[in-house]
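# Working through the structure, step by step
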Amino acid sequence: MAPITTSREEFDEIPTVVGIFSAFGLVFTVSLFAWICCQRKSSKSNKTPPYKFVHVLKGVDIYPENLSSKKKFGADDKNEVKNKPAVPKNSLHLDLEKRDLNGNFPKTNLKASSPSDLENVTPKLFSEGEKEAVSPDSLKSSTSITSEEKQEKLGTLFFSLEYNFEKKAFVVNIKEARGLPAMDEQSMTSDPYIKMTILPEKKHKVKTRVLRKTLDPAFDETFTFYGILYTQIQELALHFTILSFDRFSRDDIIGEVLIPLAGIELSDGKMLMNREIIKRNVRSSGRGELLISLCYQSTTNTLTVVVLKARHLPKSDVSGLSDPYVKVNLYHAKKRISKKKTHVKKCTPNAVFNELFVFDIPCEGLEEISVEFLVLDSERGSRNEVIGRLVLGAAAEGTGGEHWKEICDYPRRQIAKWHMLCDG
């Protein structure tokens, strides 16, 4: 096989070819760079102002009158210019040199020298078909209507009253309620039931069954109260409390209805009645006070709690009579470990209990111990309502924390203090 040979002339031609291609490449690069620069320069000259600037100034003649219309802003849109009316001599002109970096113009305060100037400056808020003047009286009436519409409607209660002369019994039939509000925000419904009390003695208390997921419950339940003379009917009053059952917490109070029986004649037979449900009236701004005495025995590691008195308890209902008692719960590290309760005191806002409870403390010291006091109103046959609440412990605020610190600093000493109750 013959070897491959190359002559010296072929090697001399290679630099020449490389030089020719380099020259062509240089010329092409320079021409491309020049074309790009020209394009950038032309794009800069035709560049529009920023969006915010365009939004504010579109359609306004912002250039001097001696310039041609081609240089005016928005002159390229010829159709819009033809359709627009001619700008008068006293039209708005803006000075471009006074705008800020964002293209905005400084605000100027308009000063009106007369009421007529104010009318000219004020923009027209109504169309020509709405030239009627709005008076202050009409504004007041409209606001009153809206406020009345915004008032929460709690529904209507329907019931009937009757007196049975043969059995000497007072008969109340709770028929239905309509248009109740939704107390459950998730299902947008309620689980209503009704509690009824005969005032003022509160000896007769009844309640209906719970109807699930309805805003128009039809109860149709009859309650007969024996031993009430017909002559006593005029001195009584019926108090209905409409509630929504809650399995996991206290029942929600929807509203109440109060019916004084004075002037109602039941000798002619059954009387059908209906009343609007109103929001429950809380007649006291405070929850009352509770007098508590505490003593910590460090040797036996026990806590003695004495519930002494309660005063100025709020009225639980329209009768103003409460049947208070106190539940005492002992907590260790936020877990209830013991509970006690006092006896019920009938029909009094100022109860005297004088009851002593001794709790065994499961740990040394009182750092993780707290005591909760719940003042409740006893309701026979239904869930008792919380009147007020008090917590004593190291983390408690106000007098509760101060009282707790004193019994820790002075063990084996009985220390008594009044405490304000808060909402339960």
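What you see is a predicted model, and the numbers here were worked out from it, not measured in a lab. Along each chain, residue indices are assigned from 1 in the same order as the chain's sequence is written. A pLDDT threshold of at least 70 governs which residues receive local features in this predicted model, and a stricter bar of 80 or more applies before side-chain atom pairs are shown or counted, although totals over entire chains, interfaces and linings include all residues. Note: side-chain values were computed over all heavy atoms of the structure, leaving out hydrogens and water.

## As for the overall build of the protein chain
- When you go through the protein chain residue by residue, the secondary structure sums to six helices and 16 strands.
- Between buried and exposed lies partly exposed: a residue is buried under 20% and exposed over 50% of the maximum accessible area for its type, with that area taken using a 1.4 Å probe on protein chains only. Each of the 424 residues in the protein chain was classed as buried or not, and the buried ones make up 32%.
- Of all intrachain contacts in the protein chain linking residues separated by at least 6 positions in sequence, the fraction that spans at least 24 positions is 63%.
- Here the protein chain has roughly 29,100 Å² of accessible surface; of this, 54% comes from carbon and sulfur atoms. Numbering of helices and strands starts at the N terminus; helices are DSSP runs of H or I of at least 4 residues and strands are runs of E of at least 2. Note on contacts: a residue pair is in contact if any heavy atoms of the two residues lie within 4.5 Å. Shrake-Rupley sampling with a 1.4 Å probe provides the accessible areas, and residues are treated as covered by the protein chains on show and by no other component.

## Details of the packing of aromatic side chains
- Ring pairs are drawn from Phe, Tyr and Trp, using the six-membered ring of Trp, whenever the two centres fall within 6.5 Å, and their geometry is named by plane angle: stacked under 30 degrees, edge-to-face over 60, tilted for the rest. Evaluated as defined, the whole model comprises four aromatic pairs.
- Both rings, one in F165 and one in Y230, keep their centres 5.0 Å apart while their planes meet at 45°; by these two values the pair is tilted. A residue pair is termed long-range when its members are at least 10 positions apart, and F165 in the loop between β1 (156–164) and β2 (169–178) and Y230 in the loop between β5 (218–226) and β6 (237–244) qualify at 65 residues.
- Judged by relative accessible area, F165 falls into the partly exposed class, the value being 44%.
- Three or more aromatic residues link up through ring pairs in this structure, and these residues are Y163, F165 and Y230.
- The cationic tip of R178 hangs over the ring face of F158; the distance from NZ or CZ to the ring centre is 4.4 Å. The criterion for a charge sitting over a ring is simple: Lys NZ or Arg CZ within 6 Å of the ring centre, and within 35 degrees of the ring normal.

## Considering the sheet that holds strand β16 (residues 415–420)
- For two strands to pair, DSSP has to find at least two bridges joining them. Spatial strand order, β13-β10-β9-β16: four strands in an open sheet with antiparallel pairing. The open sheet has two edge strands, β13 (352–360) and β16, and neither has a second partner. Along the sheet, successive strands turn relative to each other by an average axial angle of 25°, direction set aside.
- Summarising the sheet, strand β9 (residues 289–297) and strand β10 (residues 302–311) pair through nine bridges and their orientation is antiparallel. Residue pairing across strands places L291 opposite K309, the latter belonging to β10.
- Orientation is described by axes fitted as lines to C-alpha atoms, over the contacting stretch for helices, and by angles from 0 to 180 degrees between their N-to-C directions. Lying on the sheet, helix α6 (residues 399–409) is in contact with β9, β10 and β16; it crosses β16 at an angle near 170°.

## Observations concerning the nonpolar core
- As used in this record, nonpolar core signifies buried Ala, Val, Leu, Ile, Met, Phe, Trp, Tyr and Cys residues forming a set joined through side-chain atoms within 4.5 Å. Ranked by size, the top nonpolar core spans 31 residues in total, and within it L157, L161, F170, L238, F240, I259 and L261 carry the most contacts.
- Every element with two or more residues in this core is listed here: β1, β2, β3 (192–199), β5, β6 and β7 (252–260).
- The residues touching L161, leaving out its near neighbours within four places in the chain, are F170, V171, V172, L238, L261, I264, L266, G269, K270, M271 and M273.
- Among the nonpolar cores identified, the runner-up in size contains 29 residues, and L303, V326, L366 and I415 belong to it.

## So, the UniProt feature "transmembrane region" (unreviewed entry) in the protein chain
- Those residues carrying the UniProt feature "transmembrane region" (unreviewed entry) are residues 17–38 in this numbering.
- Split by type, residues 17–38 is 100% helix and 0% strand. Its first and last C-alpha atoms lie 32 Å apart. UniProt positions are given in the numbering used here, feature names are shortened, and annotations may be inferred rather than shown by experiment.

## Concerning unusual backbone geometry
- Look at the link from L199 to P200: it is a cis peptide, with omega at 10°.
- Position of P200 relative to the elements: it lies in the loop between β3 and β4 (205–207).
- If you check the backbone angles, D220 has positive phi at about 50° while not being a glycine.
- In this structure, N301 takes a positive phi of about 55° despite not being glycine.
- Considering the arrangement of structural elements, one finds N301 in the loop between β9 and β10.
- A residue is classified by how much of its surface remains accessible, and N301, at 17% relative accessible area, is buried.

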